[in-house]
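Examining the three-dimensional arrangement
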Amino acid sequence: MNSEHFETQAIRTQTEQTQFREHSVPLYLTSSFVFEDAEMARALFADELPGNIYTRFSNPNHEELVRKMCLLEGAEDGLVTASGMAAMFSSMAGLLSSGDHLLISRAVFGSTHQIVTRLFPRWGIAHTYVDPTRPETWEAEIRPNTRMIFLETPSNPGLDLVDLEWVGKLADKYQLILNVDNCFATPYLQRPTDYGAHLVSHSATKWLDGQGRTIAGIIVGKADLLKELRFFCRHTGPALSPFNSWILSKSLETLAVRMEKHCLNAMALAEWLETLPDTEDVRYPFLPSHPQYALARKQMSMGGGLVSFAVKGGLERGRKFLDNARALSHTANLGDTRTIITHPASTTHSKLTVEEQAAVGITPGLIRISVGLEHLEDIKQAIAHALEQSR
Ligand SMILES: *Cc1c(COP(=O)(O)O)cnc(C)c1O
């Protein structure tokens with residue numbers, strides 16, 4: 001058992017030093033690895049010897065990142081993928097078969113929704129959507145062929161929470177695989193494995209990198225499941241570049257200090273937004289007005305970096321607000337040093353019908369803010385300016 005703390009694990013988990021005694025870990029930009037002799041090649045391919053063969057299978061930069069994420073998430077094993085969606089897709093498709101049924105929270109990322117509703121039916125994988133805020137209704141939806149529960153908490157962009165302890169017990173009772181997209185909280189704020197999650201899937205593009213430089217995904221969890229997923233990924237090939245792995249391992253070294261500051265800025269911003277006459281429906285898990293405030297305090301150590309609110313005046317004023325918030329970034333990403341604003345109804349969730357949008361809490365005027373690391377007063381000023389100009 002490793003007794004080191006989160007920050008130390010994130011900083012001190014490193015690949016072995018080479019003969020050059022480097023302090024910063026080198027980048028292994030190589031597609032393949034040399035066999036010393038015919039016997040070594042045979043043994044590596046037969047899985048009798050641990051070691052790298054080909055970067056689609058493994059690479060020292062992947063290994064370091066995986067080892068670190070396993071420590072941070074409290075998981076046994078893991079793998080990295082070329083995007084968050086490759087992680088979400090592989091973590092489901094690598095384990096589900098035709099005839100299986102998936103129980104899935106209604107409030108999931110837009111592309112996850114597309115996979116489940118548009119692709120899985122072609123392969124005979126059925127699903128039932130359930131309400132994230134009412135896990136007591138989930139048990140009635142479990143069928144004899146249900147194999148996995150998939151959820152996100154907090155959700156995007158509605159910031160609804162799922163009670164991890166409740167769902168962990170449900171998964172255990174019915175022997176279902178519990179797969180949690182922990183992108184929004186990161187292991188610094190919430191560890192789903194503490195509540196019995198068997199898989200934790202990530203878009204590392206967001207807070208884990210935190211600087212808007214890479215697209216990447218990570219899956220960690222139980223060793224037996226990861227063995228199957230490694231087979232799936234080795235042969236289907238969603239491999240991450242060693243360069244992006246190297247960047248992400250460096251990013252994790254500062255995850256704790258970054259998340260701490262993102263959360264402090266977001267909390268203060270949410271409190272301030274609630275006092276303004278021009279805004280309504282301010283949502284942030286650590287605001288006492290959040291309907292699941294008590295749950296947030298129980299399963300998260302801080303409230304996260306995302307705040308959402310509606311500008312009074314509906315769609316028209318919402319668009320005006322966006323066009324006047326020039327000091328902030330208007331882009332489709334989140335989890336960056338820079339504060340980012342988005343309008344989910346016309347961008348990330350535009351593929352959903354109006355009814356589907358409403359079901360996950362997306363109103364036409366809803367604005368999502370990914371709170372950055374700029375000075376809080378400057379973020380507030382940019383928002384105040386945009387509100388004033390949109391009147
Ligand atoms: C962005 C995101 C994804 C997809 O990740 P990519 O790296 O963009 O492929 C999945 N889940 C959540 C919650 C996300 O925010």
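Residues numbered from 1 in each chain as written. Predicted model: local features only at pLDDT ≥ 70, side-chain atom pairs only at ≥ 80, totals over all residues. Heavy atoms only, no water.

**Side note on the overall build of the chain**
The helix and strand inventory of the chain stands at 14 helices and 12 strands. A compact globule built from 391 residues should have a C-alpha radius of gyration of about 21 Å, and the chain, at 21 Å, falls within 12% of that. Across its three principal directions, the C-alpha atoms of the chain cover 75 × 55 × 35 Å. For the chain, the share of sequence-separated contacts (at least 6 apart) that also reach a separation of at least 24 residues comes to 72%. Here the chain displays about 17200 Å² of accessible surface, and carbon together with sulfur accounts for 53% of that area. (Helix = DSSP H or I, 4+ residues; strand = E, 2+ residues; numbered from the N terminus. Rg over C-alpha atoms; globule rule 2.2 N^0.38 Å. Contact = heavy atoms within 4.5 Å. Areas by Shrake-Rupley, 256 points an atom, 1.4 Å probe, with all protein chains shown as cover.)

**Structural notes on the packing of helix 3 (residues 60–73) against helix 9 (residues 242–253)**
Pairs of packed helices are described in terms of their axes, by the angle between the two and the distance that separates them. Packing of helix 3 against helix 9 brings their axes to within 8 Å, and their N-to-C directions diverge by 35°. By crossing handedness, the relation of helix 3 to helix 9 is classed as left-handed. For the pair helix 3 and helix 9, the contacting residues are N61, H62, E64, L65, K68, M69 and L72 in the first and P242, S245, W246, L248, S249, L252 and E253 in the second. For the contact of helix 3 with helix 9, a count of residues per class yields 7 nonpolar, 4 polar and 3 charged. (Axes fitted to C-alpha atoms, helices over the stretch in contact; angles between N-to-C directions. Left-handed = near helix turned anticlockwise from the far one by under 90°. Nonpolar A, V, L, I, M, F, W, Y, C, P; charged D, E, K, R; others polar.)

**A closer look at the domain arrangement of the chain**
By domain assignment, the chain separates into domain 1 (6–252) and domain 2 (255–389). Using only C-alpha atoms to locate each centre, domain 1 and domain 2 end up separated by 27 Å. Listed as interface residues are 39 residues of domain 1 and, on the opposing side, 42 residues of domain 2. Contact between domain 1 and domain 2 buries roughly 3300 Å² in total, counting both sides, with carbon and sulfur atoms accounting for 61%. Across the contact surface, domain 1 and domain 2 share 2 salt bridges. One salt bridge connects K298 with D163, and the closest N-O pair in it is separated by 3.9 Å. Those elements that provide at least two residues to the side of domain 1 that touches domain 2 are helix 1 (6–12), helix 5 (110–119), helix 6 (164–173), helix 7 (186–189) and helix 9. It is helix 7 that contributes the most residues to the side of domain 1 that touches domain 2, 4 residues altogether. By residue class, the composition of the side of domain 1 that touches domain 2 is 18 nonpolar, 14 polar and 7 charged. (Domains from an automatic or database assignment. Buried area = accessible area lost by both parts, 1.4 Å probe. Salt bridge = Lys/Arg side-chain N within 4 Å of Asp/Glu carboxyl O.)

**A closer look at the environment of A82**
Inspection of the secondary structure assignment puts A82 in the loop between strand 1 (77–81) and helix 4 (84–93). According to the relative accessible area criterion, A82 is partly exposed, its value standing at 32%. Along the sequence, A82 and S245 sit 163 residues apart, while their C-alpha atoms lie 9.5 Å from each other. Non-local contacts of A82, meaning those with residues more than four positions away in its chain, are made with I215, A216, G217, P238, A239 and L240. (Buried < 20%, exposed > 50% of the residue type's maximum accessible area, 1.4 Å probe, protein only.)

**Structural notes on the pattern of salt bridges**
Summed over the entire model, instances satisfying the criterion amount to 16 salt bridges. We note a salt bridge from R317 to D278, for which the minimum N-O separation is 2.9 Å. Here R317, found in helix 12 (residues 314–324), pairs with D278, found in the loop between helix 10 (255–274) and strand 8 (279–283); they are 39 residues apart in sequence, far enough to count as distant. Neither R317 nor D278 differs from the other in exposure class; each is buried. Salt bridges sharing common partners tie together D163, E165, K169 and K298.

**Brief notes about the site of the ligand**
For the ligand, the set of nearby residues contains 13 residues, the closest of which are G84, M85, D181, T205 and K206. At a separation of 2.9 Å, an oxygen atom of the ligand approaches a polar backbone atom of G84. At 2.6 Å, a side-chain N or O of T205 approaches an oxygen atom of the ligand. The pocket occupied by the ligand, as judged from atoms lying within 2 Å of grid points, is the second largest pocket. Among the elements that line the shell around the ligand, the one with the most residues is helix 4, at 3 residues. Its residues placed into classes, the shell around the ligand shows 6 nonpolar, 4 polar and 3 charged. (Near = heavy atom within 4 Å. Polar contact = N/O pair within 3.5 Å; in protein donor to acceptor, adjacent residues only side chain to side chain. 1 Å grid on protein atoms, 1.4 Å probe; cavity = no way out; pocket = protein on both sides within 12 Å on 5 of 7 lines; lining within 4 Å. Sits in = over half its atoms within 2 Å of the grid points.)

**Some points on empty space enclosed by the protein**
For the structure shown, the criterion picks out 2 cavities of 30 Å³ or more. If you add up the space inside the largest cavity, you get close to 60 Å³. The wall of the largest cavity is formed by Q14, V25, E64, W246, S249, K250 and E253. In terms of residues, the lining of the largest cavity owes the most to one element, helix 9, which gives 4 residues. Counted by class, the lining of the largest cavity contains 2 nonpolar, 2 polar and 3 charged residues. (Points joined across faces, edges and corners; volume = space filled by probe spheres on them.)

**A short note on the packing of aromatic side chains**
The way to describe two aromatic rings as a pair is by their centre distance and the angle between their planes. Applying the stated criterion to the full structure yields 9 aromatic pairs. Ring centres of F89 and F120 lie 6.3 Å apart, and the angle between their planes is 40°; this geometry places the pair in the tilted category. With F89 in helix 4 and F120 in the loop between helix 5 and strand 3 (126–130), this residue pair connects regions lying 31 residues apart in the sequence. For F89, a relative accessible area of 24% translates into the label partly exposed. Here F120 falls in the buried class, since its relative accessible area comes to 1%. Taken together, the aromatic side chains of F89, F120, W123 and F232 make up a single cluster linked through ring pairs. (Phe/Tyr/Trp six-rings, centres within 6.5 Å; stacked < 30°, edge-to-face > 60°.)

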